[in-house]
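Summary of the model geometry
Spelled out, the chains give:
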Amino acid sequence: MTASLDGAVADPERFATVFDAHYEEIRRYIGRRLDLDVAEDLAAETFLVAFRRRHSFDASRGGVRPWLYGIATRLVGRHRRAEVRRYRALARSGPPQDDDGHDQRIVERVSAGVTVRGLSAALAGLSRGERDVVLLVAYGGLTYDEVAAALGVANGTVASRLSRARTKLRDSLGVEL
Amino acid sequence: MREFQLVDDVMPDVPPADHARVLAVRAEVLGGTRRRRRTSVWPRVTLAAAAVTGVLAAGAVVVPRLGGDRTGTVSPSTTATAVATTSSPTASSPEEALATAADRLAAQPPGTGAWWRREAIRTRRAWTKADPPFTVEHRLTEVVWIDRQGRRRSEQGRVSSSLPTAADRRAWKKAGSPKLCGDHDDCQIGKVFFMPMRLKQATLPEEAGALKALLLRQRPKDRVDKDEEWLWAAARWILLDSAATPRARAAVYRMLAGLPGADVVGRAHDTEGRTGIALEHGNAFIRQQLVIDPTSGDLLAVQTVVSGDVLDAYAVRRLGWTDERPPEATD
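Residues numbered from 1 in each chain as written. Chains lettered and ligands numbered in written order. Predicted model: local features only at pLDDT ≥ 70, side-chain atom pairs only at ≥ 80, totals over all residues. Heavy atoms only, no water.

Within an unreviewed UniProt entry, the label attached to chain B reads CU044_5270 family protein, and the organism entered is Nonomuraea rhodomycinica.

An unreviewed UniProt entry lists chain A under the name RNA polymerase sigma factor, from Nonomuraea rhodomycinica. Per UniProt, chain A carries the Sequence similarities (unreviewed entry) text "Belongs to the sigma-70 factor family. ECF subfamily." (UniProt positions renumbered as here; feature names shortened; annotations may be inferred.)

With that out of the way, let us pick up the overall build of chain B. Tallying secondary structure elements over chain B gives eight helices and 10 strands in all. Taking the intrachain contacts of chain B between residues at least 6 apart in sequence as the baseline, contacts between residues at least 24 apart amount to 68%. Within the structure as shown, chain B displays about 13300 Å² of accessible surface, and the carbon and sulfur contribution to it stands at 51%. (Helix = DSSP H or I, 4+ residues; strand = E, 2+ residues; numbered from the N terminus. Contact = heavy atoms within 4.5 Å. Areas by Shrake-Rupley, 256 points an atom, 1.4 Å probe, with all protein chains shown as cover.)

Take the overall build of chain A next. Within chain A one finds nine helices and one strand. Along chain A, from the amino end to the carboxyl end, the secondary structure elements read α-α-α-α-α-β-α-α-α-α. For chain A, the residues scored as buried account for 55% of the 177 residues in total. Long-range pairs, those at least 24 residues apart, make up 62% of the contacts in chain A with a sequence separation of at least 6. By element, 47% of the accessible surface of chain A is carried by carbon and sulfur atoms, the whole surface being about 7300 Å². (Buried < 20%, exposed > 50% of the residue type's maximum accessible area, 1.4 Å probe, protein only.)

Glancing now at helix 8 (residues 144-151) of chain A. All names here are of chain A. Val147, Ala148, Ala150 and Leu151 are the residues of helix 8 that are buried. The arc enclosing the buried residues of helix 8, seen along the axis, measures out at 160 degrees, which places them on a common side. Summarising the contacts, the buried residues of helix 8 are in contact with helix 4 (64-77), helix 7 (128-138) and helix 9 (155-173). (Arc of directions from axis to C-beta.)

So, about unusual backbone geometry. Residue and element names in this part refer to chain B. Not every positive phi belongs to a glycine, and Phe4 is a case in point at roughly 60 degrees. The residue Phe4 is located in the segment before helix 1 (5-10) in this model. Judged by relative accessible area, Phe4 falls into the buried class, the value being 1%. Backbone geometry at Ser177 places phi at a positive 50 degrees, although glycine is not the residue there. Looking at where Ser177 falls in the secondary structure, it is placed in the loop between helix 5 (166-174) and helix 6 (208-218).

Turning next to the nonpolar core. Here is a general trend for soluble globular proteins: nonpolar side chains tend to be buried in one another's company. Ile30(A), Leu119(A), Val134(A), Phe4(B) and Val7(B) are the most contacted members of the largest nonpolar core, which has 63 residues in total. Looking at this core, the element that brings in the most residues is helix 3 (residues 36-52) of chain A, giving nine residues. Aside from chain neighbours lying at most four places away, what touches Phe4(B) is Val134(A), Val137(A), Ala138(A), Leu162(A), Arg166(A), Leu169(A) and Leu177(A). With 45 residues, the next largest nonpolar core counts Leu204(B), Leu240(B), Leu290(B) and Leu299(B) among its residues. (Core = buried A, V, L, I, M, F, W, Y, C linked by side-chain atoms within 4.5 Å.)

For the rest of this paragraph, the subject is the side chain of Glu280(B). Residues and elements named next belong to chain B. Within the secondary structure, Glu280 sits in strand 7 (residues 275-282). Side chain to side chain, Glu280 and Arg287 meet in a polar contact 3.0 Å long. The residues touching Glu280, leaving out its near neighbours within four places in the chain, are Trp232, Gly261, Ala262, Asp263, Val265, Arg287, Gln288 and Gln289. (Polar contact = N/O pair within 3.5 Å; in protein donor to acceptor, adjacent residues only side chain to side chain.)

On a regular strand, one side chain projects to one face of the sheet and the next to the other, so that they alternate. Residue and element names in this part refer to chain B. Most of strand 8 (residues 286-292) sits out of view: seven of its seven residues are buried. The two faces of strand 8 match: Ile286, Gln288, Leu290 and Ile292 on one face and Arg287, Gln289 and Val291 on the other face are all buried. Pairing geometry for strand 7 and strand 8, over six bridges, is antiparallel. Note that in strand 8 the partner of Glu280 across the bridge is Gln289. Between strand 7 and the antiparallel strand that follows it, strand 8, lie three residues. (Pairing = 2+ DSSP bridges.)

Written out as structure tokens, the structure is:
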């Protein structure tokens, strides 16, 4: 489906299909990196930028998804301090055990011994470039080639950033990701 | 395991998008216009959704499900919200009818019982990613319980899904008749999600001016919503998800009616076919509506309307204090 939308990008009529197919996932990607209010705005901005630049979209340099993720990632980059603050806040507090008497059962997501707190602290310790490649792979499910296309960097750069990030995350969390 | 899947699994997720906001963004994008910030007519609508499941500073909440599929099979209203009648009180204008309804609501007794219970039918229309895309309408029953100490529980029924128009049914068939959200358990409505915001609950003033002042003091400092947008969002939360007294609820109506851009429409329908007065605001494209029973002042529905179609709604079936108790929370 992604490939079939490549030709829809330049056509204003068919751009709606691109929006319908990818808005939710771009919003979710940004919303997992920044506060939701900001993410809502940046998701909209991502598609406005894409719409304005639709004529310069080059399918041969990657598909629609990497292109959109690339725009979104650059917009997130303008808020990198806010993103790091968010990770640090999560690392400090984590999910609360109780919430002012709300007796809902609260669950801290734990998988393979990795907690929100630990992982947030580890993500805060990555450089911007390292975090971008990790989260494009983790949240966007992009391949290395697609990450390279999204960020406009060489495949080797993606590989070296991921390698460094993996080492830092392993040292911080004590498990291999 | 996919590379870095642990990051995806562990890190908090985001709640589903507000469909009205998606529509507004879509219209702006396809119009190629620069988007004004905070154009949603239900600003931070997810705040209210989160409040239903217990607002958390960070974390996840398990929402227990109602036993069986009770959507559309709940018992009729027996407490505060009676089934609306189409008869309206004698009033020379919609504004006067709303004022009368607010007076009638304020005159209701605060109610007795250990738990406050709000039961609503939630309806939400959503696009699918099929080509061509089609719209699916999801519907579920949602019950919120709050006790006298402010402890909160919520339940959700199973989601039922349908295709609202013949065009949607054709597109769905063309897409291979895929299973709809309500056909399986992996349905996003009601799933656990992350919500980083919270609204402090306080004893609410029962006079419109004092209520407005309190809400503006509680407005989060890091938001850039206009005052009116914040007040509409907070009002929605108070009406749907807090055990506010009838007098405080009436104050909410009066406060909203006095805000710039608010309109009162004499006759509007909710998703359950009931008729009431609509207190609304928004723009030519999207309107948010409170539908109010003119004879009692009770809230019938909170809904988002786009070009005459209701896209997202909470139709209130019951609301008020009760001697009933919520079911015990289960895993």
